[in-house]
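Geometric and topological summary
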Amino acid sequence: MAIRGSVSGSSIYQQPVVAEHGQGLRVFLVLLPTIFLPCFLFNLATAITDPVLPLVATQLGGSAFVAGLSVSVDRVMTVAFSLPASTAIQRLGAPATMALGAAVGGLAALAAAFAGSVFALVGALFVIGAGNAMWKVTRTSLIGTLCPPEMRGRAVAFNTGVTRLAQIIGPAAGGFVEAAWPMVRLTSTCSLATHFLIQI
């Protein structure tokens, strides 16, 4: 049996494919470059900023508390906006919600790159978290749309695995880069690059 619809390139975001029974492996291979690799890169670039964000916050005059807050604030907003993001998917559709999340996160990353105060930095990170929620929830929903029942559990587990791998590698890589080439504004550059990547 063939898979209904097109699965080439980014077309799956415009017309999600419904896989027929027995075609799970083929759909899984489609998910590698379209879902799993972007997920890995997104989380890697985000995790790279973890050891550098506190340096940016303290350079801008923030306290130790604000330095810690700079790492956790976008995660808090990602959790808080997950339910609204699912509502947006139902009302706007997955492609529109993903595009909205990318636009919101990208603009906020640009604001973070040029933040001149702690308040501007933390505020931008709040908005980045909201954009991240829309992007991440949409990606997860696409796994459910594209995968037949026999592949969904493995696909979700694989997606979780690549996410955790990126979160392990990222902080060490960010610390290494910062130690080798000290420029604390690297964090804003990585954040901005992350949101450009998710629009590809």
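Just so we're clear, the structure is a prediction, and the values are computed from it rather than from any experiment.

A word on the overall build of the protein chain
Looking only at helices and strands, the protein chain features 9 helices and 0 strands. For the protein chain, the sequential pattern of α-helices and β-strands runs α-α-α-α-α-α-α-α-α. In the protein chain, which comprises 200 residues, the proportion classed as buried is 48%. Partitioning the contacts of the protein chain with sequence separation of at least 6, the portion at a separation of at least 24 is 76%. Here the protein chain has roughly 9700 Å² of accessible surface; of this, 72% comes from carbon and sulfur atoms.

Here's the deal with the pattern of salt bridges
Scanning the entire structure with this criterion turns up 2 salt bridges. Between Asp50 and Arg75 there is a salt bridge, with the nearest N and O atoms lying 2.9 Å from each other. Of this pair, Asp50 sits in the loop between helix H2 (24-48) and helix H3 (53-59) while Arg75 sits in helix H4 (residues 64-80), placing them 25 residues apart in sequence. Its relative accessible area of 17% is what places Asp50 among the buried residues. Assessed through its relative accessible area of 36%, Arg75 is described here as partly exposed.

Observations concerning the nonpolar core
Counting 17 residues, the largest nonpolar core has Ala57, Val66, Ala112, Leu121, Val122, Leu125 and Ile128 as the members making the most contacts within it. Contributing elements (two or more residues each) for this core: H3, H4, helix H6 (94-113) and helix H7 (118-146). The element contributing the most residues to this core is H7, with 6 residues. Ranked by size, the runner-up nonpolar core spans 15 residues in total, among them Val27, Phe36, Ala94 and Leu142.

Concerning the confidence of the model for the protein chain
Averaged over all residues, the pLDDT of the protein chain equals 78, while 78% of them reach at least 70. Considering only residues more than four positions removed or in separate chains, one finds that residues 1-19, a stretch of pLDDT under 50, has 42 contacts.

Parameters and conventions
- Residues numbered from 1 in each chain as written.
- Predicted model: local features only at pLDDT ≥ 70, side-chain atom pairs only at ≥ 80, totals over all residues.
- Heavy atoms only, no water.
- Helix = DSSP H or I, 4+ residues; strand = E, 2+ residues; numbered from the N terminus.
- Buried < 20%, exposed > 50% of the residue type's maximum accessible area, 1.4 Å probe, protein only.
- Contact = heavy atoms within 4.5 Å.
- Areas by Shrake-Rupley, 256 points an atom, 1.4 Å probe, with all protein chains shown as cover.
- Salt bridge = Lys/Arg side-chain N within 4 Å of Asp/Glu carboxyl O.
- Core = buried A, V, L, I, M, F, W, Y, C linked by side-chain atoms within 4.5 Å.
- pLDDT = per-residue confidence, 0-100.

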